[in-house]
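Take a look at the letters that make up each chain.
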Amino acid sequence: VHPMLGKMLLLGGLFRCAQPVLTVCAALGYKSPFLCPLGKEAEANAAKRALAGDSGSDHVALVAAFDGWSREGGRFASRHFLSAQTLSYVARLRGDLAGGARELLSRLPADHADPRYLRDMLSASLVAGLYPNLAWVRRWGKGETCRGLKVVAHPGSVNARASTSLVVYYDVQETTERYMYDTSVVPISAALLFAPDLTVSRRTGARTTRLLLGGWALSVDTAVADELLALRASLADFIQRTVGQPLAEAHLPAIEALSRIFSAHAPVSAGDDEEGEEEEPDAAELAEMAARAAAGGSSTLFDDGGLSDEVLASLPLDEPPASWEDAE
């Protein structure tokens, strides 16, 4: 298993999206099951977009293709321009991966039941596993990686016409263009929290901090930057201590709270009262909670209510950092 895929698999188990991650890792480790018959390119691409839905993700399309084939077999494959032979081999590889990780997966909580929540956590796991394979797509699938490489989403990707989007990709191959294969639109929050090379470039007075993510620069509010950096440190320590280890009760609330940073679809406890809802933990509190859980302690900071994303919501998501503007 490629180290990127192995990392993704471990984090997918931790963040309760192990089953779709198993499918993605097995397929990326072999080859794409999507066919594009000569003269039927438009129909094949439309079928793939239908599988992806509104996810903006080739990986979600891949999971949907495998699940549909697993339920319906060859008829589903024929309708959606899929190779049943490739999917059959992916199923064997997936079984081998699941067998090798059975002891680990048996000690983890079940995957999220809400498909939207599951998809969000798959997206975060993709960023964590595939970084630095990250690109800003400016328009019509064209953009630049965080290492400054000019790239284009492959015509067979669901993101072939994407604009103003941050995407993660599995591979780049150069033919008539430098094409990105297997792309997914992802939130910047996952990149800011998981990228190991995020650094502080400079602080402009007391209000603004400039962060470097690969070759990209972001200017953010200093208070936000400080909380982000504290949360990154605790998240890294928590993952290092937790991945591959039996989970204690103290770990579960921290896993759920950290997961909610990446998803707006976290379930809300039936006991929550909208009028009497307690104030939700901020990033600094989450950092403290993750640190205590990683150390084997407990925390009372977590509640079952929805977790707001106030800190990350204040980051510059609507417009790319200045250095991204060079993408053609």
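Structure's up top.
Attention here is on the structure that accompanies the text. The shown structure was predicted, so the numbers you read here are calculated from the model rather than taken from an experiment. (Residues numbered from 1 in each chain as written. Predicted model: local features only at pLDDT ≥ 70, side-chain atom pairs only at ≥ 80, totals over all residues. Heavy atoms only, no water.)

1. Some thoughts on the environment of Asp54
1) Next: Counting through the fold element by element, Asp54 comes out in the loop between helix 3 (41-52) and helix 4 (58-72).
2) Next: For the pair formed by Asp54 and Val158, sequence separation is 104 residues and the distance between their alpha carbons is 9.8 Å. (Helix = DSSP H or I, 4+ residues; strand = E, 2+ residues; numbered from the N terminus.)

2. Section: the pattern of salt bridges
1) Next: Evaluated as defined, the whole model comprises 8 salt bridges.
2) Next: Arg16 is paired through a salt bridge with Glu256; the nearest N and O atoms lie 2.9 Å apart. Residue Arg16 is found in the loop between helix 1 (3-14) and helix 2 (18-28), and its partner Glu256 is found in helix 11 (residues 251-260); the two are separated by 240 residues along the sequence.
3) Next: For Glu256, a relative accessible area of 15% translates into the label buried. (Salt bridge = Lys/Arg side-chain N within 4 Å of Asp/Glu carboxyl O. Buried < 20%, exposed > 50% of the residue type's maximum accessible area, 1.4 Å probe, protein only.)

3. Details of the pairing of strand 1 (residues 134-139)
1) Next: Here strand 1 runs beside strand 4 (residues 165-174); their pairing, made up of 4 bridges, is antiparallel. Among the inter-strand pairings, Trp136 is bridged to a residue of strand 4, identified as Leu166. (Pairing = 2+ DSSP bridges.)

4. Focus on the packing of helix 2 against helix 8 (residues 115-130)
In a packed pair of helices, the relevant descriptors are the angle between the two axes and the axis-to-axis distance.
1) Next: In contact at an axis separation of 9 Å, helix 2 and helix 8 are set at 45° when each is read in the N-to-C sense. Relative to helix 8, the element helix 2 lies oblique. Considering the relative orientation of helix 2 and helix 8, their crossing is right-handed. For the pair helix 2 and helix 8, the contacting residues are Pro20, Val21 and Val24 in the first and Leu118, Leu122, Ser125 and Leu126 in the second.
2) Next: A breakdown of the residues in the contact of helix 2 with helix 8 according to their chemical character gives 6 nonpolar, 1 polar and no charged. (Axes fitted to C-alpha atoms, helices over the stretch in contact; angles between N-to-C directions. Parallel < 35°, antiparallel > 145°, perpendicular 65-115°, else oblique. Left-handed = near helix turned anticlockwise from the far one by under 90°. Contact = heavy atoms within 4.5 Å. Nonpolar A, V, L, I, M, F, W, Y, C, P; charged D, E, K, R; others polar.)

5. Observations concerning helix 11
1) Next: The buried fraction of helix 11 is high, at 8 of 10 residues.
2) Next: Residues of helix 11 that are buried: His251, Ala254, Ile255, Glu256, Ala257, Leu258, Ser259 and Arg260.

6. Some details on the nonpolar core
1) Next: One finds Met8, Phe15, Leu134, Phe194, Leu213 and Phe262 to be the most contacted residues of the largest nonpolar core, which totals 75 residues.
2) Next: Of all the elements, helix 8 adds the most residues to this core, at 9 residues.
3) Next: Contacts of Leu213, omitting those with residues within four sequence positions, involve Tyr131, Leu134, Cys146, Ala191, Ala195, Asp197, Leu198 and Leu218.
4) Next: Counting 8 residues, the second-largest nonpolar core is a separate cluster that includes Ala135, Val137, Ala162 and Met180. (Core = buried A, V, L, I, M, F, W, Y, C linked by side-chain atoms within 4.5 Å.)

7. Details of the pairing of strand 2 (residues 142-145)
1) Next: Bridge analysis of strand 1 against strand 2 gives 4 bridges, and the strand direction is antiparallel. Among the inter-strand pairings, Trp136 is bridged to a residue of strand 2, identified as Glu144.
2) Next: Examined bridge by bridge, strand 2 and strand 3 (residues 150-153) share 3 bridges and lie antiparallel to one another. Within the sheet, the bridge partner assigned to Gly143 lies in strand 3 and is Val151.
3) Next: Hairpin remark: strand 2 followed by strand 3, antiparallel, with 4 residues in the connecting loop; positive phi at Gly148, about 90°.

8. Considering the sheet that holds strand 3
1) Next: Pairing is mixed around the closed barrel formed by 5 strands, whose spatial order is 1-2-3-5-4. Ignoring which end each strand starts from, the neighbouring axes of this sheet average 50° apart.

9. With respect to helix 6 (residues 84-100)
1) Next: Given a rise of 1.5 Å per residue, 17 residues ought to cover 24 Å, and the 24 Å separating the end C-alpha atoms of helix 6 matches this to within 8%.
2) Next: Every buried residue of helix 6 is listed here: Thr86, Leu87, Val90, Arg94 and Leu97. Along the axis of helix 6, the buried positions cluster into a sector of 90°, meaning they face one direction only. Facing away from the buried side of helix 6 by more than 90 degrees, the exposed set consists of Gln85 and Asp96.
3) Next: In this structure, the buried residues of helix 6 make contact with helix 2 and helix 4. (Expected span 1.5 Å × (residues − 1). Arc of directions from axis to C-beta.)

Shape descriptors only; they carry no functional weight alone.
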